[in-house]
Amino acid sequence: MTEQNADEPEIAVGEKAVKGLRLWLAREAQRQAEKRIASQVDIWGKFVTRATSCIGWAVTLTSAFTAISTQYQYRFLAIPAMLAGLSAICAALVLWPRKWKIPGDMPLYVMDMMDDPTDPLTTELEATEALALRVEDGIAANSHTLVCYGRALFAAFSLLIASILLAAIWVVLITF
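First, a word on scope: everything that follows refers to the structure included in this document. These numbers come from a predicted model, not from an experiment.

Turning our attention to the nonpolar core. If you look at the biggest cluster of nonpolar residues, it comprises 21 residues, and the most contacted ones within it are F47 and V94. When residues of this core are traced back to their parent elements, those giving at least two are α2 (21–68), α3 (78–95) and α5 (124–175). Per-element tally for this core: the top contributor is α5, with 7 residues. Apart from the residues within four sequence positions on either side, V94 is in contact with F47, V48, A51, Y149, A152 and L153.

Laid out in structure tokens, this is it:
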């Protein structure tokens, strides 16, 4: 029976807690943080595309509703024109420049990590952990910005749809 146990293949478990698991975890944390920021940048790009589309539609509808509202029987269409204009303003908030954390770190910061007089780093583990923690702040800031963008786009599209529905209801009511 002892011979059978000796013949069993050893299962590879990777790094162990006493031999380097902490360094692997720091590297993995840094890798995951970079992936998270890269996905946030992708989401941001999609928000910008949607905001641009919304602005295009809102400006078109605002112009059309405003032009039509100059006729006396369609004067009520000034309200949908204002809603569409507000929609464009909400969508423009997404396009307004803001601070944004991008993947990667400043090379000079990384190169000077050893020379920091207040907290000099002496091992690869400490440096990797410091870089991983530094990215965490960027992830939190980007998440807050994305939440604001989401709310602005929701408001923009809601106002745009409300303007169209209000105009359609008014036109239907006036024709009967």
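What follows continues from the structure just given.
Turning next to the packing of aromatic side chains. Considering all chains together, one arrives at 3 aromatic pairs under this definition. Between the aromatic rings of W44 and W100, the centroid separation amounts to 5.1 Å while the plane-to-plane angle is 25°, which identifies the pairing as stacked. Taken together, the residues W44 in helix α2 and W100 in the loop between α3 and α4 (107–111) connect sequence positions 56 residues apart. Relative accessible area serves as the criterion here: at 14%, W100 is assigned to the buried category.

Calculation rules
Residues numbered from 1 in each chain as written. Predicted model: local features only at pLDDT ≥ 70, side-chain atom pairs only at ≥ 80, totals over all residues. Heavy atoms only, no water. Core = buried A, V, L, I, M, F, W, Y, C linked by side-chain atoms within 4.5 Å. Buried < 20%, exposed > 50% of the residue type's maximum accessible area, 1.4 Å probe, protein only. Helix = DSSP H or I, 4+ residues; strand = E, 2+ residues; numbered from the N terminus. Contact = heavy atoms within 4.5 Å. Phe/Tyr/Trp six-rings, centres within 6.5 Å; stacked < 30°, edge-to-face > 60°.

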